[in-house]
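# Per-entry structural report
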Amino acid sequence: MTRPTDIDKNVTSTSRRRFLIEGGALVGGAAVATGFVGSKASAAENAGNLPPNVPQWMKTPGDPLGSQPYGTPSTFEKNVVKNIPKDLKQYLSASGRTPLQDLDGIITPNGLFYERHHGGVPTIDPAQHRLMLHGLVDRPLIFTMDDIRRFPSESHIYFLECSGNPEYKKPYGKTASDLVGLVSCAEWTGVSLKLVLQEAGLQPGAKWVVAEGADSAAMTRSIPIEKCLDDAMLAYSQNGERLRPQQGYPLRLLVPGFEGNMNVKWLRRLHVAAEPAYSREETSKYTDPMPDGTAREFTFYMEAKSIITRPSGGQRLTAPGFHEISGIAWSGRGKVRRVDVSVDDGKSWQVAQLQEPVLTRALTRFRLPWHWDGKPAVIQSRAVDETGYVQPTLAELLAVRGDNYVYHNNAIWPWRIAEDGEVTNANA
Ligand SMILES: Nc1nc2c(c(=O)[nH]1)N[C@H]1C(S)=C(S)[C@@H](COP(=O)(O)O)O[C@H]1N2
Ligand SMILES: [Mo]
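Just so it is clear, the model here is predicted, and its values are computed rather than measured. (Residues numbered from 1 in each chain as written. Chains lettered and ligands numbered in written order. Predicted model: local features only at pLDDT ≥ 70, side-chain atom pairs only at ≥ 80, totals over all residues. Heavy atoms only, no water.)

## A few points about the pattern of salt bridges
For the record, the criterion: Basic side-chain nitrogens of Lys or Arg form a salt bridge, by our definition, when they fall within 4 Å of a carboxyl oxygen of Asp or Glu. For every residue, the accessible area obtained with a 1.4 Å probe (protein chains only) is divided by the maximum for its type, and the residue is called buried under 20%, exposed over 50%, and partly exposed between those limits. Only runs of H or I of at least four residues qualify as helices and only runs of E of at least two qualify as strands under DSSP, and these elements are numbered from the N terminus.
Following the criterion strictly, the structure yields 15 salt bridges and no others. Taking the shortest distance from any N to any O, the salt bridge between Asp-288 and Arg-296 comes out at 3.5 Å. The exposure class assigned to Arg-296 is partly exposed, which follows from its relative accessible area of 25%. With its nearest N and O atoms 3.7 Å apart, the salt bridge here joins Arg-310 to Glu-324. Taken together, the residues Arg-310 in strand β15 (residues 305-310) and Glu-324 in strand β16 (residues 321-330) connect sequence positions 14 residues apart. Exposure remark for Arg-310: the relative accessible area of 37% places this residue in the partly exposed category. By relative accessible area, which is 30% here, Glu-324 ends up partly exposed. Each of Glu-212, Arg-268 and Arg-269 takes part in a single network of salt bridges with overlapping partners.

Set out below in structure tokens:
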């Protein structure tokens, strides 16, 4: 058992640590009074930059304006990048996951937004891009991007999640990102799809809108007309700036709360129809074979889900004492009503605090103060949405859906904390 000795060393051997503890006590900070604030970097290495010295970076002026026309993260954050699975052929069918365990709040920075595409990312000149609207409409129309931007705009914060997040049969990975990194959340700006459809005029019998992308996959999905006349939107901006190419520049469909695949990127065509298209992505893919031999298709909504992102797999608790448990929860059906957290392997649950804002079909941040006693523990979170739906355990999910299931895995995901503080995937 080396841990207690290590901890003692950390607490007592660095003047920086003592300074922080005293400083914390001075302002009454409960967390710092537990005596483990600060990194494990040895104080000797950096002594010249530590209090009471004036650090090196205060002795000469900094880089004026940082001399970058487009800002980038600190070089010290260079490891916070998309998680691109090495065992996947990153050619036409590619994915890059959001590093959930490294992010705070509910908004995913654009450079870290997850990406998933079936025919590569096209390079589209917005001046040459057109959106065609035809089928069961009074006036078939072709819009330029300028036309689209002349419509009244709206902005909403919505999550987007791939329904293969994670698949059941794949190895589950180590980190929160490996497991459920195919979810992100942004403020989207664009135009209400309803407005655009009204411009063309819907004819009787219009029941579906078939959306097609301008990528080499010409990815196509059928959206029920009710959703198109509700909160669906055509988005051209994400978090204030134009969409990233990976997210569908210059125009994408957003169907809030529906599985990621239906949010067609590089949107070029909306065909209003009486029937769905039964395209590849809504038949052979994204449809779930059930134990009784039937197929569960057109599931649309992503059910309630949550994950603890801190502490989570790949991280390490440096010492017993205070730790904030923090994570994200979401539901395609609406708002997150409650998140329960268990720190005793599911024996008992406590209600976590929800960080405002709690928005419809957006990520919601939850947190729970926790005192880790230094003993092995299993921690997990369980989301409940405003419809009363409770996030299931993996066993509960598999009992209903059987073995052939691939998509729509919204199971509770537990993390195991070992005596040395290492956090690992408890289901692996
Ligand atoms: N045109 C087109 N749209 C697409 C895809 C695609 O390959 N082509 N991928 C879909 C899938 S499977 C998902 S999960 C989401 C991912 O959106 P993102 O890359 O912006 O995160 O886009 C969907 N829209
Ligand atoms: Mo997806």
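## Comments concerning the site of ligand 1
Put simply, the test is: Here a residue is near a molecule or strand as soon as one of its heavy atoms is found within 4 Å of it. Polar contact is defined as a pair of N or O atoms within 3.5 Å, subject to the rule that within protein one atom must be able to donate a hydrogen and the other to accept it, and that residues adjacent in sequence are counted only when both atoms are side-chain atoms. Only the protein chains shown count as cover for residues, and all accessible areas are computed by the Shrake-Rupley method using a 1.4 Å probe. For this scheme, ten residues count as nonpolar: Ala, Val, Leu, Ile, Met, Phe, Trp, Tyr, Cys and Pro. Four count as charged, namely Asp, Glu, Lys and Arg, and the remainder, Gly too, count as polar.
Neighbouring ligand 1 are 21 residues; Tyr-114, His-118, Asp-215, Arg-252 and Lys-265 lie closest to it. Between a nitrogen atom of ligand 1 and a side-chain N or O atom of Asp-215, the distance comes to 2.6 Å. In the environment of ligand 1, a nitrogen atom lies 3.1 Å from a nitrogen or oxygen atom belonging to the backbone of Asn-263. Calculation on ligand 1 without its partners gives an accessible area of 530 Å², and the protein chains cover 100% of this total. Ranked by the residues each element gives to the shell around ligand 1, the list is headed by strand β2 (residues 115-117), at three residues. Here the shell around ligand 1 is built from residues that sort into eight nonpolar, eight polar and five charged.

## As for helix α8 (residues 394-401)
Our working rule: Working note: the arc is built from the helix axis to C-beta atom directions. Should any heavy atoms of two residues lie within 4.5 Å, those residues are considered in contact.
Within α8 the residues assigned to the buried category are Leu-394, Leu-397 and Arg-401. What you see down the axis of α8 is that its buried residues fit within an arc of 65°, all on one side. Exposed residues on α8 whose side chains face more than 90 degrees from its buried face are Ala-395, Ala-399 and Val-400. Buried-residue contacts for α8 involve β13 (288-289) and β14 (295-296). Gly-402 sits one or two positions beyond α8 and adopts a positive phi of about 75°.

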